[in-house]
Amino acid sequence: MDDYLFRQYVNECRVVHEETKYLEIFNYSDPFYNSCEEHPLTSDEFDNFLHQRGAFAPPNLRPGTTLLSGIRLVVQTDAQDKDTFMPKVLSLPKDAYEKMVRALRLPFRGIETTSVVGPFFWSSSDHDDADPHLHILHRKSDVRKKGRTRGWEMMLSHRFATSVTTGFVKGTPSSDVAAALRHLHACALQAGHALLLPTILLAHDLSPANDQKQRDARDWLRRLEHAVSMRDEVEPGEQYFQNGRLEVDGLNRDLVECHSNVLWKRPQAYMALTLEMEKAMALFWDMRAAAAAAARGQKEIEVEELGMEASMRQQMREMDRLHRSMLARMDFYKVKLTGLENYIHTTLQRLKVQREALYNIMSQREARLNLEIAGEQRRIAHASKRDSTAMKTISLLGTLFLPGTFLASVFSMTFFNFQSNADPVISDKLWVYFLLTIPITAAIVGIWIWYDKRKEAQYARDDEDLEKDITKMEHDIMMNLRKRTMSKNHTWNTISPPPR
C-alpha cells in the first residue's frame, strides 16, 4: 500500500530546480579514518552517492577497524524557487527523488507532508525485523512572505545495524538549516544518535530571538497602553501625533501589529513537537537496545566478554550521555515553553483590554462628533427654514400680482384699440410681439440654466469645503477631549528623562 501511494503522489508532483550538495560524516574505531565532507552533488554523481560507488565508496580499513556511526545527507540549504515548499512540489527530478527514497530507506510518507501546516514532527519504525530502521519526518514549510515560501524539510532514516543516519534536508536561506548543519559539523563525533540533527534544528528554532521578540512586544504594549489610557508618558510630536492631533487609526493599526508579533511561534505548537520528539527518543533507545540484543544473541553479555575495543565502549558511553543530555534539553524546552505561554497569555489579555478601551474611546468621540454634527445640521435647518419662509412669501406675492400685471401689460399695447366707437380693433402686426417675445424668453431661460449650473458647481465646492470643515471639527473635538482627560504628556517612543 505504501509503495503504491508513494508512486501515485510522486506522479502528481511538479518539479522545481534547486542546487544540491551532499554531507557525509563517518566515525570509525580508528579516528584516523574519521571524515566530514560537504560538497556540491552533480546529477551524474547522484546515483554513485546513493549507492556509495566510485568516489563515495567506503575506504579500505585496517583489520580490526569498524564503523561506529555516520550521517549521509542529500542537502539543499539555499532553496530559491518561490514555490519550493508548495504542496506537491519536488526540488529533485521525480526519478532521482524516487531513487533517493528507496536507496536511503527514507519514509515513503514524506511525500504526503508537502502540505502540512505549522511545525511538524513524526517518527516510526519501518517494521523490518531483519534490518530495522527508524524513520523521522521534521518540517516547517507553511510560511509565505512576499510571494515566496519559507521553511525547511527533513527526512531521515537511521539504520541500527550500522548506526548510520541517511536522509534529505532542504531549507531556504532564511531558515536555520545552514546553521544547524554547521552545528552538526561541530558535533560530528555524536553522529550516531538519530535525533541529533532534529534536536539541533529545534534548538536553533527556539533560540533566544523568540524570547526577545516577546519582550519587545511587551515593551511595545506598554507604550500603546500609555497612549490609549493617556498616561503621563505622552508628549506632542510623538508617533501617534500628527500636526498636534492624535492619530487613532495609527494607534489601532499598531495594536493589531503588536498582536500579530505576540502570536509569532506559538509555544503550544512547539510544545506538541517537543513531546513527539521525546516519544521518538524513547523509540530510538528501545529499538537500539533491541538491535544490540539481537546482535549479541538472546542473552545479555557484558561488554568485556564481547572483546570490544576501547573506542567502541567509549562510543557507547558517549551515546548514553548524549541521549540523557538530549532528554534533559527536551525537559528544559518544555519548562521554557510553558513559561513563555504564560507570558504570552498575559500580553494577549492586556492587548484585549487596550483594544476594548480604544474602541470605547472611539465610540465616545464618535458620539460627541455626532452631537456636534447634529447641532450644525440643526442650525442649517433653521437657516433653510427662514429662507424657505421668505421664498414662500415672495412666491405668494408673485402669484397674486403676476396674472394681473401680465394682462395689463398685454392689453396696454398699441396692437389693441379699445377707444374706437366701433368694435375693438386688433392690429394685424400682433405677430411682431410674439416674434420678439419668444426668442427673448428663450434667451432668458438659457441664461438662467447656465447660471443655475454655475451655482450647482459652486454648491459642490461648498460641499467639499463643508466636508473639510467636518474633518477639522472632528480633530478639534478629539484634541479637546484629550486635553480634558490628560494630566501629563508623553507617548511610547519617548526617551524617559534621566532620574534626578
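Please read these numbers as outputs of a predicted model, since none were measured by experiment.

Participant: Any chance you could break down the overall build of the protein chain for me, citing the residues and the numbers?
Facilitator: Regarding its fold elements, the protein chain presents eleven helices and 13 strands. Relative to its full complement of 500 residues, the protein chain shows a buried share of 36%. Taken as a whole, the protein chain presents about 29300 Å² of accessible surface, with 57% of it coming from carbon and sulfur.

Participant: Outline empty space enclosed by the protein, supporting the account with residue identities and numerical values.
Facilitator: Counted under the stated rule, the structure contains three cavities of 30 Å³ or more. Together, 13 residues line the largest cavity, and Val89, Leu90, Glu153, Phe168 and Lys170 are the ones closest to its centre. Of all the secondary structure elements, the ones that give two or more residues to the lining of the largest cavity are strand S5 (89-90) and strand S9 (164-171).

Participant: Residue-level account of the side chain of threonine 113, with values.
Facilitator: Inspection of the secondary structure assignment puts threonine 113 in the loop between helix H3 (94-103) and strand S6 (120-125). Threonine 113 gets classed as buried once you look at its relative accessible area, which sits at 7%. Excluding residues that lie within four positions of it along the chain, threonine 113 makes contacts with Phe120, Leu137 and Arg139.

Participant: Before we move on, can you summarise the layout of surface pockets with the specific residues and values?
Facilitator: Here the second largest pocket is characterised by a volume of approximately 600 Å³. As for the second largest pocket, its lining consists of 27 residues, of which Glu24, Phe26, Gln52, Pro58 and Arg72 are closest to the centre. When contributions to the lining of the second largest pocket are tallied by element, the ones reaching two or more residues are strand S2 (21-28), strand S3 (35-40), helix H2 (46-51), strand S4 (67-76), strand S8 (148-159) and S9. The greatest single-element share of the lining of the second largest pocket, amounting to four residues, is contributed by S2. Per-class residue counts for the lining of the second largest pocket are 15 nonpolar, seven polar and five charged.

Participant: Kindly report on the packing of aromatic side chains, identifying the contributing residues and their values.
Facilitator: On inspection of all chains with the given rule, the structure shows eleven aromatic pairs. A centroid spacing of 6.3 Å and a plane angle of 55° characterise the contact between phenylalanine 284 and tryptophan 285, whose relative ring orientation is tilted. Given the relative accessible area of 0%, phenylalanine 284 is considered buried. Given the relative accessible area of 23%, tryptophan 285 is considered partly exposed. For the cation-ring pair, lysine 170 lies above phenylalanine 85, with the distance from its terminal atom to the ring centre recorded as 4.6 Å. The aromatic ring of tyrosine 343 is capped on one face by arginine 218, whose charged end is 4.0 Å from the ring centroid.

Participant: Please set out the packing of helix H4 (residues 177-186) against helix H5 (residues 196-205) residue by residue, giving values where relevant.
Facilitator: At a closest axis distance of 9 Å, the pairing of H4 and H5 adopts a crossing angle of 130°. Relative to H5, H4 is oriented oblique. For the crossing formed where H4 meets H5, the hand is right-handed. Counted together, Val177, Ala179, Ala180, Leu181, His183 and Leu184 of H4 and Leu196, Leu197, Ile200, Leu201 and His204 of H5 form the full contact between these two elements. Residue composition of the contact of H4 with H5, by class: nine nonpolar, two polar and no charged.

Participant: Tell me about the nonpolar core, residues and numbers included.
Facilitator: In this structure, Leu73, Leu134, Leu181, Leu184, Leu195, Leu197 and Leu202 are the most contacted members of the largest nonpolar core, which totals 41 residues. Of all the secondary-structure elements, those providing two or more residues to this core are S2, S4, strand S7 (133-145), S8, H4, H5, helix H8 (267-296) and helix H10 (310-411). No other element matches H8, which puts eight residues into this core. Here this core spans two domains, and each of domain 1 (1-206) and domain 2 (208-234 + 248-296 + 311-388) adds at least three residues to it. Membership of the second largest hydrophobic core comes to 22 residues, among which are Cys13, Leu41, Ala96 and Leu137.

Participant: Describe in detail helix H7 (residues 248-262), supporting the description with residues and values.
Facilitator: Counted at 1.5 Å a residue, the expected span for H7 with its 15 residues is 21 Å, and the 21 Å between its end C-alpha atoms agrees. Buried residues of H7: Val248, Gly250, Leu251, Asp254, Leu255, Cys258, Asn261 and Val262, and no others. Viewed along the axis of H7, the buried residues span an arc of 155°, placing them on a single side of the element. Facing away from the buried side of H7 by more than 90 degrees, the exposed set consists of Asp249 and Arg253.

Participant: Residues and numbers for the pattern of salt bridges, please.
Facilitator: Throughout the structure, instances matching the rule amount to 22 salt bridges. Two residues, glutamate 341 and arginine 266, come together in a salt bridge whose shortest N-O distance is 3.8 Å. With glutamate 341 in helix H10 and arginine 266 in the loop between H7 and H8, the pair connects residues that are 75 residues apart, well separated along the chain. One network of salt bridges, with partners in common, ties together Arg105, Asp126, Asp128, Asp131 and Arg159.

Participant: Tell me about unusual backbone geometry, residues and numbers included.
Facilitator: Here the phi dihedral of lysine 88 falls at roughly 60°; this positive angle occurs in a residue that is not glycine. Structurally, lysine 88 can be placed in the loop between S4 and S5. Non-glycine residue histidine 127 carries a positive phi angle of around 60°. The exposure class assigned to histidine 127 is exposed, which follows from its relative accessible area of 65%.

Participant: Lay out the pairing of S4 with the relevant residues and their values.
Facilitator: Side chains on a regular strand alternate between the two faces of the sheet. Most of S4 sits out of view: nine of its ten residues are buried. Pairing geometry for S2 and S4, over eight bridges, is antiparallel. The partner of phenylalanine 26 across the bridge, within S4, is glycine 70. Where S4 meets S9, seven bridges bridge the pair, whose relative direction is parallel. Its bridge partner lying in S9, valine 75 is registered against valine 169.

About the criteria used
Residues numbered from 1 in each chain as written. Predicted model: local features only at pLDDT ≥ 70, side-chain atom pairs only at ≥ 80, totals over all residues. Heavy atoms only, no water. Helix = DSSP H or I, 4+ residues; strand = E, 2+ residues; numbered from the N terminus. Buried < 20%, exposed > 50% of the residue type's maximum accessible area, 1.4 Å probe, protein only. Areas by Shrake-Rupley, 256 points an atom, 1.4 Å probe, with all protein chains shown as cover. 1 Å grid on protein atoms, 1.4 Å probe; cavity = no way out; pocket = protein on both sides within 12 Å on 5 of 7 lines; lining within 4 Å. Points joined across faces, edges and corners; volume = space filled by probe spheres on them. Contact = heavy atoms within 4.5 Å. Nonpolar A, V, L, I, M, F, W, Y, C, P; charged D, E, K, R; others polar. Phe/Tyr/Trp six-rings, centres within 6.5 Å; stacked < 30°, edge-to-face > 60°. Lys NZ or Arg CZ within 6 Å of the ring centre and 35° of its normal. Axes fitted to C-alpha atoms, helices over the stretch in contact; angles between N-to-C directions. Parallel < 35°, antiparallel > 145°, perpendicular 65-115°, else oblique. Left-handed = near helix turned anticlockwise from the far one by under 90°. Core = buried A, V, L, I, M, F, W, Y, C linked by side-chain atoms within 4.5 Å. Domains from an automatic or database assignment. Expected span 1.5 Å × (residues − 1). Arc of directions from axis to C-beta. Salt bridge = Lys/Arg side-chain N within 4 Å of Asp/Glu carboxyl O. Pairing = 2+ DSSP bridges.

Purely geometric numbers; function is a separate question.
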